[in-house]
Amino acid sequence: SAIELEDVVKEYHSHGEVVQAVKGVTLDIAEGEFFSLLGPSGCGKTTTMRMIAGFEAPSKGLVRLHGQDVTNVPPNRRDVNMVFQSYALFPHMSVWDNVAFGLKQRRTPQEEIGRRVGEMLEIVDLAGREKRMPRELSGGQQQRVALARALVNRPRALLLDEPLGALDLKLRQAMQIELKRIQREVGITFVYVTHDQNEALTMSDRIAVMNDGLVEQLAGPREIYERPATPFVAGFIGTSNLLAGSANGGELKIGGGRVLVPGHDGEVTVTVRPEKITIGTEEPGQGLSAVRGTVTEVVYLGTYTSYAVDLAARGETIITVFQQNVHDATATAERGDSVWLSWQAQH
Ligand code: ADP
Ligand code: MG
């Protein structure tokens, strides 16, 4: 493993109160992995990163880097580097000098500095911009300088805390692809912190979804989306419908319909993604989950149309359905229509 956290807890004492920022996190990050910590603001992502980097000591638990216990080792003696949201470039230094700074401090031979800085600027696609000053660069270019500056020291792992947060959407999406390419090219472990689900899904090999100081699910992007482990994960990543009730014989009865939950009985919470649901006027055959409702909203969104369907007998349960707009996109149903919603049990 590159990075291991073993039941790590972090408590802060502020104004006579104890705040548990991280409540017991266990992670095992593989060498060369692109690993993301994803969760809402305040869930403990930055605190977790700072413990990996060594800027904070855990209140409990162990941190291991490449097999060595570093729980009480200072940041400068850990083989990791951190990139922050505010790139903190030296404003009075050129691109070249910013990237070369760390190597110069360590009295690296001039010739080696030249080679390594040149190589790194090539990788982050800034060759030819060596003489520019930070203020003469776009946000995305500044971020790439910060990345080159962190990578030129050849850390075994790079920690990135919301590094694209200051960029606008288009640039952020372009940089996500860039970052993934750079990580593949340099082949080192990246630990990436974000509150943006799309960002995490786009780049990561695995994602730890955090909520309130704990990891709620740790899996690959597809698994996280297709099989969310908790209602929180289902709601935080993408849009999801939740249906709760008491199941009997592997079936949950809901207003003239049924939700199939094979192998489950008693109190259950079911989640189904909007795009897995088919909307129609005919009653679907057995073998499918099927519920009845009334369409309350139809919103055309280009690639797909979103329907809000109020489950007849359940008053307040609104189900969201996405139907892809293929060929000539005529709406399947209109506001006020009485419809059947169906989906396969596996979804
Ligand atoms: P995130 O990065 O996910 O937004 P943080 O790790 O920054 O979350 O913070 C987690 C929780 O710990 C928050 O409730 C925050 O207010 C609290 N916290 C973070 N740093 C400190 C500190 N130095 N002193 C007291 N509380 C802190
Ligand atoms: Mg943070």
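These figures come from a predicted structure and were not determined experimentally.

S.K.: Would you take a moment to explain the overall build of the chain for this structure?
M.R.: A tally of helices and strands in the chain yields 8 helices and 19 strands. Considered along the principal axes of its C-alpha atoms, the chain spans approximately 75 × 50 × 35 Å. Taking all 347 residues of the chain together, 36% fall into the buried category. Counted over contacts in the chain with a minimum sequence separation of 6, partners at least 24 positions apart contribute 61%.

S.K.: Whenever I open this one, the domain arrangement of the chain confuses me. Can you help?
M.R.: Note on interface size: it is often stated as the accessible area lost on association of the parts. In terms of domain boundaries, the chain breaks down into domain 1 (3-231) and domain 2 (239-344). For domain 1 versus domain 2, the distance between C-alpha centres works out to 40 Å.

S.K.: Just checking my understanding: could you explain the pairing of strand β7 (residues 157-161) for this structure?
M.R.: Taking burial as the measure, the 5 residues of β7 include 5 buried ones, the bulk of the element. Because side chains alternate across β7, one face comprises the buried residues A157, L159 and D161, and the other comprises L158 and L160, equally buried. Examined bridge by bridge, β7 and strand β8 (residues 189-194) share 5 bridges and lie parallel to one another. Paired with A157 across the two strands is T189, which belongs to β8. Each parallel crossover has a hand, and the one from β7 via helix α5 (residues 169-186) to β8 is right-handed.

S.K.: Can you help me understand the pairing of strand β19 (residues 338-344) in this one?
M.R.: Regular strands have side chains that alternate between both faces of the sheet. As paired elements, strand β15 (residues 278-280) and β19 share 3 bridges and run antiparallel to each other. Looking at β19, one finds that G280 is bridged to W340. Sheet topology places strand β16 (residues 288-300) next to β19; 7 bridges connect them, and they run antiparallel. Bridge pairing links V291 to L341 in β19.

S.K.: What should I look at first to understand the sheet that holds strand β10 (residues 214-219) in this one?
M.R.: Either a parallel or an antiparallel arrangement is found when strands of a sheet pair, and the pairing is made through backbone hydrogen bonds. Strand order across the open sheet formed by 6 strands is β6-β7-β8-β3-β9-β10, with mixed pairing between neighbours. Single-partner strands in this sheet number two, and they are β6 (80-83) and β10. Between one strand and the next, the sheet's axes are offset by a mean angle of 20°, whatever the strand orientation. Pairing analysis gives 5 bridges linking strand β9 (residues 206-211) to β10, with the strands arranged antiparallel. When the sheet's bridge partners are listed, N211 is paired in β10 with L214. Lying over the sheet, helix α4 (residues 139-151) contacts β6 and β7, oriented at roughly 170° with respect to β6.

S.K.: Would you explain the site of ligand 1 in this entry?
M.R.: For ligand 1, the full set of nearby residues is Y12, S14, V19, A21, G39, S41, G42, C43, G44, K45, T46 and T47. Every element with two or more residues in the shell around ligand 1 is listed here: β1 (3-14), β2 (17-29) and α1 (45-53). The biggest single contributor to the shell around ligand 1 is α1, with 3 residues. Residue composition of the shell around ligand 1, by class: 4 nonpolar, 7 polar and 1 charged.

S.K.: Looking at this structure, I do not really get unusual backbone geometry. What am I missing?
M.R.: Generally, phi is negative for residues other than glycine and the peptide bonds are trans, each holding for most cases. Positive phi, close to 50°, is recorded for H66, a residue that is not glycine. Tracing the sequence through the fold places H66 in the loop between β4 (60-65) and β5 (68-69). Residue H66 is classed as partly exposed on the basis of its C-beta count, with 16 C-beta atoms lying within 10 Å. Backbone geometry at D212 places phi at a positive 50°, although glycine is not the residue there. For D212, the location among the structural elements is in the loop between β9 and β10.

S.K.: What exactly am I supposed to notice about the packing of helix α2 (residues 95-105) against α4 here?
M.R.: A pair of packed helices can be characterised by two numbers: the angle between their axes and the separation between those axes. The interhelical angle for the contact between α2 and α4, taken along N-to-C directions, is 30°, at an axis separation of 7 Å. By the criterion of interaxial angle, the relationship of α2 to α4 is roughly parallel. The handedness of the crossing between α2 and α4 comes out as right-handed. Each of V95, N98, V99, F101 and G102 in α2 lies in contact with α4, whose residues at this interface are V145, A148 and R149. Along the lines of polarity and charge, the residues of the contact of α2 with α4 split into 5 nonpolar, 2 polar and 1 charged.

S.K.: Teacher, can you tell me more about the packing of α4 against α5 here?
M.R.: Between α4 and α5, the shortest axis-to-axis distance is 11 Å and the interhelical angle comes to 20°. On the basis of their axis angle, the class for α4 and α5 is roughly parallel. Judged by the sense of rotation from one axis to the other, the crossing of α4 with α5 is right-handed. Side by side, α4 and α5 meet where G139, G140, Q143, L147 and L151 of the first sit next to L171, M175, I182 and V186 of the second. A breakdown of the residues in the contact of α4 with α5 according to their chemical character gives 6 nonpolar, 3 polar and no charged.

S.K.: Can you walk me through the confidence of the model for the chain in this structure?
M.R.: Residues shown with low pLDDT carry predicted positions that ought not to be read at fine detail. Predicted confidence across the chain gives a mean pLDDT of 92, with 96% of residues reaching 70 or more. Overall fold confidence (pTM) sits at 0.89, and the ipTM for the predicted complex is 0.98.

Quick notes on the rules
- Residues numbered from 1 in each chain as written.
- Chains lettered and ligands numbered in written order.
- Predicted model: local features only at pLDDT ≥ 70, side-chain atom pairs only at ≥ 80, totals over all residues.
- Helix = DSSP H or I, 4+ residues; strand = E, 2+ residues; numbered from the N terminus.
- Buried ≥ 20, exposed ≤ 12 C-beta atoms within 10 Å, placed from the backbone.
- Contact = placed C-beta atoms within 7 Å.
- Domains from an automatic or database assignment.
- Pairing = 2+ DSSP bridges.
- Right-handed = clockwise from strand over helix to strand, strands pointing away.
- Axes fitted to C-alpha atoms, helices over the stretch in contact; angles between N-to-C directions.
- Near = placed C-beta within 6 Å.
- Nonpolar A, V, L, I, M, F, W, Y, C, P; charged D, E, K, R; others polar.
- Parallel < 35°, antiparallel > 145°, perpendicular 65-115°, else oblique.
- Left-handed = near helix turned anticlockwise from the far one by under 90°.
- pLDDT = per-residue confidence, 0-100.

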